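Report on the structure
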Amino acid sequence: MRTARLRTVHPVLWAGWAALAAGAVLCVLGWYGVSGERYAERQLPYLASCTVPGAALIVAGAVLLTHGRGALAAARVEELYGLLVAAEPADAEESGTAAGPPLAVSGDLLMVPGGTLWHRADCPLVAGKVESVPVDAKLLASGELGPCPICEPVEETD
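Residues numbered from 1 in each chain as written. Predicted model: local features only at pLDDT ≥ 70, side-chain atom pairs only at ≥ 80, totals over all residues. Heavy atoms only, no water.

1. Details of the overall build of the chain
Of regular secondary structure, the chain possesses four helices and four strands. When the helices and strands of the chain are placed in sequence order, the string is α-α-α-β-β-β-α-β. Taking contacts inside the chain between residues at least 6 apart in sequence as the whole, the part at least 24 apart equals 62%. A total of about 10700 Å² of accessible surface is found on the chain, and carbon and sulfur atoms cover 64% of it. (Helix = DSSP H or I, 4+ residues; strand = E, 2+ residues; numbered from the N terminus. Contact = heavy atoms within 4.5 Å. Areas by Shrake-Rupley, 256 points an atom, 1.4 Å probe, with all protein chains shown as cover.)

This is the structure:
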């Protein structure tokens, strides 16, 4: 399930590497030209035509690589989140029935033993998982568990 966004990121990465390489070549040529001239007025054309554009290409290549890698990471996170939400329990496929609603009502709070977050019952991270258990009020009061950033549950005050 590769998204189109992943395919469009790779040219940005290639452009970044190409800009870095071209900038490095221009900087080396500028340095070579400057080193062969004794007087400053004869060194300026090499600085203006090679070294300054080479440095600009290096900066542009670094920006392209940073943007491309950030976009690639964001696309991968979106793809993984889509797989997580779209995944059905294995029991539903074997029995031929569709996945039913979660065992608890969405107002109930659930957690996974050993986890650090508490969730609403309809949160995609715990919905339909047999290992999820109701949250103990003592754990909520002690602050050992934090709220899930995906489902954003609200603590019930009894």
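This is not the end of the story, as more comes after the structure.
2. A closer look at the sheet that holds strand β4 (residues 146-147)
Across a sheet, paired strands are connected by hydrogen bonds in the backbone, their directions being either parallel or antiparallel. A sheet is described by the order of its strands in space; here four strands give the open sequence β3-β1-β2-β4, paired in mixed fashion. A single partner strand is all that each edge strand has here, and the edge strands are β3 (133-134) and β4. Pairing analysis gives two bridges linking strand β2 (residues 117-120) to β4, with the strands arranged parallel. Within β4, the position partnered with Trp118 by the bridge is Pro147. (Pairing = 2+ DSSP bridges.)

3. Digging into the pairing of β2
Bridge count for strand β1 (residues 109-111) against β2 is three bridges, and the pairing is antiparallel. Within the sheet, the bridge partner assigned to Leu110 lies in β2 and is His119. Adjacent in sequence and paired antiparallel, β1 and β2 are bridged by five residues, among which Gly114 carries a positive phi angle near 85 degrees.

4. Things to note about the environment of Val130
The topology assignment puts Val130 in the loop between β2 and β3. Given the relative accessible area of 72%, Val130 is considered exposed. The spatial distance from the C-alpha of Val130 to the C-alpha of Val112 is 9.4 Å, given a sequence separation of 18 residues. (Buried < 20%, exposed > 50% of the residue type's maximum accessible area, 1.4 Å probe, protein only.)

5. So, helix α2 (residues 40-86)
Along an α-helix, residues three or four positions apart point the same way, because every turn accommodates 3.6 residues. For α2, with 47 residues, the first-to-last C-alpha span of 66 Å sits near the 69 Å given by 1.5 Å per residue. When the local axis directions of α2 are compared, the greatest deviation, roughly 45 degrees, occurs at Leu47. Regarding α2, the residues found buried are Cys50, Gly54, Gly61, Leu65, Gly68, Ala71, Leu72, Ala75 and Glu79. (Expected span 1.5 Å × (residues − 1). Bend = angle between axes of the 7 residues up to and from the residue.)

6. Digging into a nonpolar patch on the surface
A contiguous nonpolar patch, built from Tyr81, Leu84, Val85 and Ile150 and spanning about 320 Å² of accessible area, is present on the exposed surface. The topology assignment puts Tyr81 in helix α2. Residue Tyr81 is classed as partly exposed on the basis of its relative accessible area, which comes to 41%. (Patch = residues over 30% accessible without salt bridge, like charges linked within 9 Å, V, L, I, M, F, W, Y side chains within 5 Å. Salt bridge = Lys/Arg side-chain N within 4 Å of Asp/Glu carboxyl O.)

7. Things to note about the side chain of Ser132
Examined against the element boundaries, Ser132 turns out to sit in the loop between β2 and β3. At 2.8 Å, the side chain of Ser132 and the backbone oxygen of Lys129 are in polar contact. Beyond its immediate sequence surroundings of up to four residues, Ser132 is in contact with Leu110, Met111 and Val126. (Polar contact = N/O pair within 3.5 Å; in protein donor to acceptor, adjacent residues only side chain to side chain.)

8. Some remarks on the environment of Pro153
Residue position: Pro153 is located in the segment after β4. Remark: the alpha-carbon pair of Pro153 and Leu110, spanning 43 residues in sequence, is separated by 9.8 Å. Setting aside residues no more than four positions away along its own chain, Pro153 makes contact with Leu109, Trp118, His119, Arg120, Pro147 and Cys148.

9. Focus: the environment of Val85
With respect to the element layout, Val85 can be found in helix α2. Between the C-alpha atoms of Val85 and Leu125, which are 40 residues apart in sequence, the distance is 7.9 Å.

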